[in-house]
Structures are given as structure tokens and as C-alpha cells.
Amino acid sequence: MVRVQVPEVTSADDRVVAVAAQLFLRDGVEQIKMTDIAREAGVGVATIYRHFQTKTRLAAEAGTLLWKMYADEVTRMIETDAFLEMDGIERLKALFSEFTRVYIERPEFVAFLNSFDRLMIDEKVDAEELSAYGQMIDSFYVVFEDAYQMGRMDGTVVCDLDFRVFYHAIAHALMGAAQKFVRGGVIPSDAESDGSAEIKCIVETAVRSLRVAS
């Protein structure tokens with residue numbers, strides 16, 4: 001389970017966001033009330049409403065925090081000697097595989113993202129209100145783009161594609177597959193599906209299509 005650390009010394013708002021993220025992961029966005037968050041965070045519910053106005057806005061803050069935690073994990077990975085010694089295509093494989101690991105090992109995170117998207121759509125939240133959340137997600141692209149450009153220079157990846165479109169296509173495919181398997185099957189043949197294998201297959205297909213034929 002994703003653990004949201006609540007430091008001993010932090011601002012009251014930061015603590016509320018961290019507690020909200022933990023509760024959303026554990027029980028789902030829909031089930032958690034502002035009073036639940038206030039009680040767990042040790043603050044008055046009126047204070048939460050005064051600082052965040054709505055649960056929707058608080059959910060956006062919590063989602064931004066969760067994506068930042070994931071981004072911090074990716075940063076630690078790309079700073080390792082093992083990653084720095086890789087060529088471009090191997091870096092891309094490692095990065096896409098990290099998506100796979102998180103989506104498979106942390107179904108509660110995937111479930112949160114699924115319910116978060118549904119809440120934002122239902123509430124018709126303006127994109128501008130989700131700018132910080134979106135910027136955190138978009139920050140992953142820079143890391144992938146750097147690996148792709150390295151691969152172009154070292155000759156390990158193909159050059160004749162729009163990498164931004166390719167990246168978003170694979171990222172959306174991985175997220176869509178992960179959310180489907182977290183939600184559960186609908187038709188009989190879904191029971192025969194291996195979610196982990198299918199998510200890994202998307203990554204393997206992506207890497208093969210990027211790799212320069214030897």
C-alpha cells in the first residue's frame with residue numbers, strides 16, 4: 001500500500017492533505033467525508049472547509065501529493081549508477097517498467113486515480129483548477145524525453161516518430177489497462193485475463209517498436 005508520511009513538524013494544511021491522501025487510498029474518495037479527514041488530522045472540519053472549500057479541491061491536492069511521491073521514486077531510480085550506465089533504449093525500458101511496477105503493486109493508487117478522474121468529470125472541474133495536479137503528471141514526460149533523445153544520439157532508438165504522441169499513447173494505454181483490472185471484469189472473457197501480463201505486454205511492445213533493429 002502507498003504510505004503517505006505525515007511529518008511531525010509540518011503546516012496544518014500539509015498534514016490535512018497527507019491524511020486525506022491516506023484515507024482516500026484506504027477507503028476511496030467517494031466514501032471519505034470531510035469530517036473523517038478532520039478527525040484523523042486532528043483539526044476542526046470548519047478549518048478544512050475554510051482552507052480547501054470543497055472535498056474536490058482537497059482531493060486534487062491529495063492527488064498532487066501522491067504523484068509527487070511517485071515522481072520522487074522515479075528521481076531516485078534515475079540517479080542510480082545502474083540507470084546512468086544504460087543506453088537510451090534501456091533507460092526507456094526501465095522507465096516504462098517503473099510505470100508497470102507501480103500499477104501492478106499499488107492497486108489502491110490506481111483505484112484512487114480512477115475515482116479521482118470520475119469525480120473531476122462529475123463535478124465539471126475546470127482544467128485550470130487542476131494545473132498543479134497536471135503539471136506534476138506532465139513532469140514525467142521530461143524524463144522519458146531525455147532518455148529518448150539519448151537513444152537517438154547513441155543509435156538505440158528509431159528517430160522517425162513523434163515521441164510526445166508515442167509517450168502519451170503508451171501512458172494512457174497503461175493507465176487504462178491498470179484501471180480496468182482494478183475495477184474488475186465485465187464480460188465472461190475478462191475472467192481469463194491476466195492484468196499483470198497484459199500491462200507488461202504493453203511495455204514490451206512499446207520498447208520493441210522503439211528499439212533499432214540489430
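Residues numbered from 1 in each chain as written. Predicted model: local features only at pLDDT ≥ 70, side-chain atom pairs only at ≥ 80, totals over all residues. Heavy atoms only, no water.

A. Quick look at the packing of aromatic side chains. Scanning the model with the defined rule gives 18 aromatic pairs in all. Seen from their ring centres, Phe99 and Phe140 are 6.0 Å apart, and the 50 degrees between their planes marks the pair as tilted. Taken together, the positions of Phe99 in helix α6 (residues 88–105) and Phe140 in helix α8 (residues 131–154) put the pair 41 residues apart, joining distant regions of the chain. The exposure class of Phe99 is buried, given its relative accessible area of 5%. Under the relative-accessibility criterion, Phe140 is labelled buried at 4%. Considering the side-chain rings of Phe144 and Tyr167, the 5.0 Å spacing of their centres and the 55 degrees angle between planes classify their relative orientation as tilted. Taken together, the residues span a long stretch of sequence, with Phe144 in helix α8 and Tyr167 in helix α9 (residues 163–183) at a distance of 23 residues. Given a relative accessible area of 5%, Tyr167 falls into the buried group. Just above the ring of Tyr141 sits the side chain of Arg164; from NZ or CZ to the centre is 4.2 Å. (Phe/Tyr/Trp six-rings, centres within 6.5 Å; stacked < 30°, edge-to-face > 60°. Helix = DSSP H or I, 4+ residues; strand = E, 2+ residues; numbered from the N terminus. Buried < 20%, exposed > 50% of the residue type's maximum accessible area, 1.4 Å probe, protein only. Lys NZ or Arg CZ within 6 Å of the ring centre and 35° of its normal.)

B. How the structure looks around the packing of α8 against α9. As a packed pair, α8 and α9 sit with axes 11 Å apart at the nearest point and diverge in direction by 125 degrees. The orientation of α8 relative to α9 falls into the category oblique. Here the hand of the crossing between α8 and α9 comes out right-handed. Of α9, the residues touching α8 (which contributes Phe140, Tyr141, Phe144, Glu145 and Tyr148) are Phe163, Arg164 and Tyr167. In terms of residue class, the contact of α8 with α9 is built from 6 nonpolar, no polar and 2 charged. (Axes fitted to C-alpha atoms, helices over the stretch in contact; angles between N-to-C directions. Parallel < 35°, antiparallel > 145°, perpendicular 65-115°, else oblique. Left-handed = near helix turned anticlockwise from the far one by under 90°. Contact = heavy atoms within 4.5 Å. Nonpolar A, V, L, I, M, F, W, Y, C, P; charged D, E, K, R; others polar.)

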